[in-house]
Amino acid sequence: MRARRQHLFIDFEFTMPERNVRMKDFFAEIIEVGIVAVVDDQVTEQFSSFVTPLKFPRLSERCKSFLHISQQQVDKGLSIFELVKKLEQFNKNNYETTIVTWGNMDMKVLRQNCVKAGVAFPLKAAELDLSMEYKRFFGDQNQTGLWKAVQEYGKEGTGRHHRALDDALTTFNIFRLVEKDKRYLEKPEPTTIGDRVDFSKLLNEFA
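The following refers to the structure shown. (Residues numbered from 1 in each chain as written. Predicted model: local features only at pLDDT ≥ 70, side-chain atom pairs only at ≥ 80, totals over all residues. Heavy atoms only, no water.)

1. Observations regarding helix H5 (residues 130–138)
Those residues of H5 that fall on the buried side of the exposure criterion are Leu-130, Ser-131, Glu-133 and Tyr-134. Down the axis, H5 shows its buried residues gathered within 160° of arc, on one side only. (Buried < 20%, exposed > 50% of the residue type's maximum accessible area, 1.4 Å probe, protein only. Helix = DSSP H or I, 4+ residues; strand = E, 2+ residues; numbered from the N terminus. Arc of directions from axis to C-beta.)

So this is what it looks like as C-alpha cells:
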C-alpha cells in the first residue's frame, strides 16, 4: 500500500538588526511562523503564530518597519520551545513528508535557532527549495522573489507579502502551478490513429 504523502509549506519571518549597527553575537531569530499542511493534495491544516525571540527579544525599528510586526505581537507569541513542539506534531502520522520553502533561509534559521535553544531539530522530512526548482524549470539566471514568481504566472500572491502564513499559502500556490506544468511537459497526450491518418484523403482514394 502506497504511503500517504505530506507536504509542509513553511515560511518564517526573522529578526534583523538596525542598518549599520553591529550587535555582538547577533543572529536571526524566528518571530512569525506560517504553515500549510497538505496530505495527498488536500489541505489538512493552516497554522499561524508570532514567536518570541529567545536571545534578542527586542525588535529593531528596521524589523518592525519592514515586516509591520509590533513588539507587543511577538511578546505574546509562542516560545521557540513551543514552536518546536508544534513542528514535531507533523511527524506523528509517519507520512512521506517534504518541507517546501521559498529559498533556503527558513530551514537554516530554524536549525540555528534550535542549536541556540539547545533543542533537537523537530522535522523528519525531505526538503525542497522551490525557488531553485522554479529557477531550474524556467531556466532563469537568477533566483526569483516569491511574489514576482507568482506574478510571472499571471496570478497574485495571497494576502500580504512578508506575512508568514500568506507567504506559505503563496508558496503552495506556486508549487501547484509548477507541478501542473511539469506533468504537462512530461506526459504529452498520446496521439490517436486519427491524428496520424487523414481519413478524408484515404476515403477519397477509394471513392
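What follows continues from the structure just given.
2. Remarks on the nonpolar core
Buried together is how nonpolar side chains tend to be arranged in soluble globular proteins. Judged by nonpolar contacts, the single largest core of 24 residues is most densely connected at Ile-10, Phe-12, Ile-30, Leu-83 and Leu-110. Of all the elements in the fold, those that place two or more residues in this core are strand S1 (5–14), strand S2 (30–39), helix H3 (80–88) and helix H4 (105–117). The element best represented in this core is H4, accounting for 5 residues. If we skip the residues at most four places from it in the chain, Phe-12 touches Ile-30, Glu-32, Val-33, Leu-83, Asp-106, Met-107 and Leu-110. (Core = buried A, V, L, I, M, F, W, Y, C linked by side-chain atoms within 4.5 Å. Contact = heavy atoms within 4.5 Å.)

3. Considering the pairing of strand S3 (residues 42–50)
Both S2 and S3 contribute to a ladder of 8 bridges, which runs antiparallel. By the bridge assignment, Val-39 is partnered in S3 with Gln-42. Hairpin connection from S2 to S3: 2 residues lie between these consecutive antiparallel strands, with Asp-40 at a positive phi of about 50°. (Pairing = 2+ DSSP bridges.)

4. Description of the sheet that holds S2
Across the sheet, 5 strands lie side by side as S3-S2-S1-S4-S5; this open sheet has mixed pairing. Each edge of the sheet is formed by a strand with only one pairing partner; in this case those strands are S3 and strand S5 (126–129). Put simply, the sheet's adjacent strands are angled 20° from each other on average, direction ignored. Relative to S5, strand S4 (residues 96–101) runs parallel, the two being bridged by 4 bridges. Residue Thr-98 lies in a different strand from S5, and its bridge partner there is Ala-126. The sheet strands contacting H3 are S1, S2 and S3, and the helix crosses S2 at an angle near 10°. Each of S4 and S5 is contacted by H5, which is oriented at about 55° to S5, the strand it contacts most. (Axes fitted to C-alpha atoms, helices over the stretch in contact; angles between N-to-C directions.)

5. So, the pairing of S2
Within S2, 10 of the 10 residues are buried, which leaves the element mostly enclosed by the surrounding structure. Pairing between S1 and S2: 9 bridges, direction antiparallel. Looking at the pairing, Asp-11 lines up with Gly-34 of S2.

6. Description of the environment of Tyr-153
Mapping Tyr-153 onto the fold places it in the loop between helix H6 (146–152) and helix H7 (164–186). Remark: the alpha-carbon pair of Tyr-153 and Ile-174, spanning 21 residues in sequence, is separated by 8.3 Å. The residues contacting Tyr-153, other than those within four sequence positions of it, are Tyr-134, Phe-137, Phe-138, Leu-177, Val-178 and Asp-181.

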